[in-house]
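# Understanding the architecture of this molecule
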Amino acid sequence: MSRSRHHRRCGRGSPCEQLCYELHDGMYECDCKDGFVLHKNGYSCDDAEVRSPRFGGQSWLAFPPLHAAYKHVQLELEFRPETWDGIILLAGERDDLQGDFMALIIYHGYVEFRFDCGSGVGIVRSSDTVKLNEWNVLNVYRHRWDAWLQLNQEKRVQGRSKGLFSRITFREPLFVGGPGNTTGLERLPIRSGFKGCVRNLEINEHRYHFPLAPVGDALNGFDVDKCVADRCSKVPCSHGGKCLTTSGDTAVCLCPLGYTGDLCETRVDLQVPSFNGSSYLKYPGLAETSLSWLELSLTIKPFAADGVILYNGHHSDTTGDFIALYLVQSHVHFTFDLGTGTATLRSEKPIVLGEWVEVRVSRTGRLASLEVERNPAQEILSPGAFTQLSLPLNMYLGGAPSTDMFSDKLRTKSNFVGCIQTVLLNRREMNILAEALGGANVGNCGHACESRPCGDAECRPLRDRFTCRCRPGLPHPCPAINVRQKQILELKFQHGASSSGGGSSSSTTAATTILPSIYPVSTSMLERAAEQQQQQADRSVPSFTGIDSYLFYDDADTLKRLTSDKVDINMRFRASSDGLLLWTGDRSNDFFALGLDQGYLTFTYNLGSGKSVLRYNLTRLDDDLWHRVRATRNKQRASLVVDNGSSVWIESQDEQRQPNTELGLYVGGAPDIEKTTRGQYLKGIVGCVSDLVLDSDYSVALSMPGQASNTHTCIP
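Read on for a plain summary of the structure.

Criteria and thresholds
Residues numbered from 1 in each chain as written. Predicted model: local features only at pLDDT ≥ 70, side-chain atom pairs only at ≥ 80, totals over all residues. Heavy atoms only, no water. Salt bridge = Lys/Arg side-chain N within 4 Å of Asp/Glu carboxyl O. Helix = DSSP H or I, 4+ residues; strand = E, 2+ residues; numbered from the N terminus. Buried < 20%, exposed > 50% of the residue type's maximum accessible area, 1.4 Å probe, protein only. Contact = heavy atoms within 4.5 Å. Lys, Arg positive; Asp, Glu negative; His and termini not counted. Polar contact = N/O pair within 3.5 Å; in protein donor to acceptor, adjacent residues only side chain to side chain. Pairing = 2+ DSSP bridges. Axes fitted to C-alpha atoms, helices over the stretch in contact; angles between N-to-C directions.

Our focus in this paragraph is the pattern of salt bridges. All told, the structure shown has 27 salt bridges when counted by the stated rule. With a closest N to O distance of 3.1 Å, Asp 337 and Lys 409 form a salt bridge. Pair noted here: Asp 337 is in strand E30 (residues 331-337) and Lys 409 is in the loop between strand E35 (395-397) and strand E36 (417-425), with a separation of 72 residues, a long-range link. For Asp 337, a relative accessible area of 3% translates into the label buried. By relative accessible area, which is 46% here, Lys 409 ends up partly exposed. The partner of Asp 622 in a salt bridge is Arg 620, and the shortest N-O contact between them spans 2.7 Å. Through salt bridges that share partners, Glu 295, Arg 427, Arg 572, Arg 628 and Asp 691 make up one connected network.

Structure representation (structure tokens):
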């Protein structure tokens, strides 16, 4: 029972509200009757019947150990969290958390029920995040090894503990709101207590009363307050915005997509998204779609030198596989982990803040490259032997709800500040806004497309410029926009004539009468600028015409990767016709070839014992769409994989010979192709080849072959 010492004496006029005790040294103490607790001012008393306690992150309440719960626990709880992480409830066999235990925690916004019956931890994780600063309802049921969890009437999520043991021994107090005096918290992914309010806790049909005994059930506690209206009660976020309390005495609104402002009161027509350091967009994770290869291209305009641009991980505790694209001191970094250690690429030069820049990342197996604008690409091999990448968690763009979701191996944990105009993922352009599962605090960058200059057609941003593209169902060509009007709109936003809010308030006519005299620009100048911009944006991807159109290689680095009894070819292409993709051989009968026959990928080779043919007949590839294929030969076994799908293979009767490549390597076609391939092919492909990787780590330079014939630049 707390008391407070003061000078003066008890009796009439005593400042103590209820009880006063005189001490022998001329001091006195105030105290309270049962059912009340002394206020922190030392004089007044508060009702001890705290129906809904608030925990501040270091607070906790201790209750008697759970009884008759060794094989069955049914729990119901309501809680109002203020942060994304914290220990809500903890009970176990020992105070060092060794042996049996069960815990309810919030980790990165998800509720987790962790329990160990003595032979391994089982984890059940909610399918959705909690609602910050709102009351959430949680139901947990455990019977022996099995458990399920339900948050806010969402679908039940099931799990199971490991091992053979099925009972949990509870000897330590049940701690609510924090870990209490429990040590050994390294068994949990977090160590901090819960921050927020709790009410209506019921376990195995016993409803807990939060006051200290004898009024309530609590045996002890620390720094627990009453749950009252918090800072967010004074911040009325509009349009479904969520209030979030910060570390200081402030609260901010996290606005849903399409709204901005301090209270999410302003509707915005999002065109080119901007991120302010508390913003993010959430997408489905890459999952198994990028196991062996990944291509990523983004056009960004950063305003801060540090920040995470894109992140996707494997485990909620930030361990395991991940990819991250981010800025540190204006240098672009790409870090990835295949499960055996991280590898990091860093741009050689810093980028200029406030200017558009294109960043390209490519990964095949352990080999990754990073290219910024037209600067030379940086390459790196990841450590270890693993070559595949699995990313089941959500992918985040521009930041994340909590920076604790980022791996500790990143060199910054700040969210990105700036604009992201385009994202190409495996050469497919994402609709950044339409494909997002959700997001917060995303605004407009300030671009000419915000003025809807294309009418019913689609406005396509190209850095500070734009083009109009017809939507399905519109007549062709698209309605033309006045060239001079287009110039003015682009210059207006490029030179900061408009704010980064929801578009310009001035009319086009008004802008037309002012801007020409300030920014005189001719049509030819704009065309030259657009041409230069396009040249910078395009990569040198060769296209082939099918007739006498090919690339040729005879350098030692390329050919030595084709002359062992193990050959691994990873290739990305698109084609609209049958034809030869790749061929190598000698002047006798030795050869191997990769091509399309009746639309199907075919791997043909002869190493002296007769021709072997492997055909991938699960899907046609002459559809003028991009495809990734992998052809391998390991002694007598050959296999084909298309677009990360199922593998097909054959066992040949060839002796274990190394192929002879004295005639070099041809890509896309060959000279006098019928003679060169001894009648295997009559023409090359009509299409493009964007990547060719040999031996899982050697990228063939398609833009700098030893000899090129009749090739052109591929049109995206």
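Here the focus is the environment of Val 689. Structurally, Val 689 is set in strand E53 (residues 687-694). Overall, Val 689 belongs to the buried group, its relative accessible area being 0%. A sequence separation of 108 residues divides Val 689 from Leu 581, and the C-alpha atoms of the two residues are 8.5 Å apart. Excluding residues that lie within four positions of it along the chain, Val 689 makes contacts with Val 541, Pro 542, Phe 544, Met 571, Arg 572, Phe 573, Val 667 and Leu 702.

With that settled, consider the environment of Ser 127. In this fold, Ser 127 is placed in strand E12 (residues 121-129). By relative accessible area, Ser 127 is classed as partly exposed at 49%. Put simply, Ser 127 and Arg 156 are 29 residues apart on the chain and 8.4 Å apart in space, counted from C-alpha to C-alpha.

Our next topic: the side chain of Asp 85. Considering the arrangement of structural elements, one finds Asp 85 in the loop between strand E8 (72-81) and strand E9 (86-92). Among buried charged residues, Asp 85 stands out as having no salt bridge; its nearest opposite-charge side chain is Arg 125, 9.2 Å away. One polar contact links the side chain of Asp 85 to the main-chain amide nitrogen of His 108, over a distance of 2.7 Å. Aside from chain neighbours lying at most four places away, what touches Asp 85 is Ile 106, Tyr 107, His 108, Ile 190, Gly 193, Ser 402 and Asp 404.

Pairing in this open sheet of seven strands is antiparallel, and the strands run E12-E11-E10-E9-E16-E7-E19 from one edge to the other. Only two strands of the sheet have a single neighbouring strand rather than two, namely E12 and strand E19 (220-222). Averaged over all pairs of adjacent strands, the angle between strand axes in this sheet comes to 10°, irrespective of strand direction. Alignment of E9 against strand E10 (residues 101-107), held across six bridges, turns out to be antiparallel. Of the residues in E10, the one forming a bridge with Leu 89 is Leu 104.

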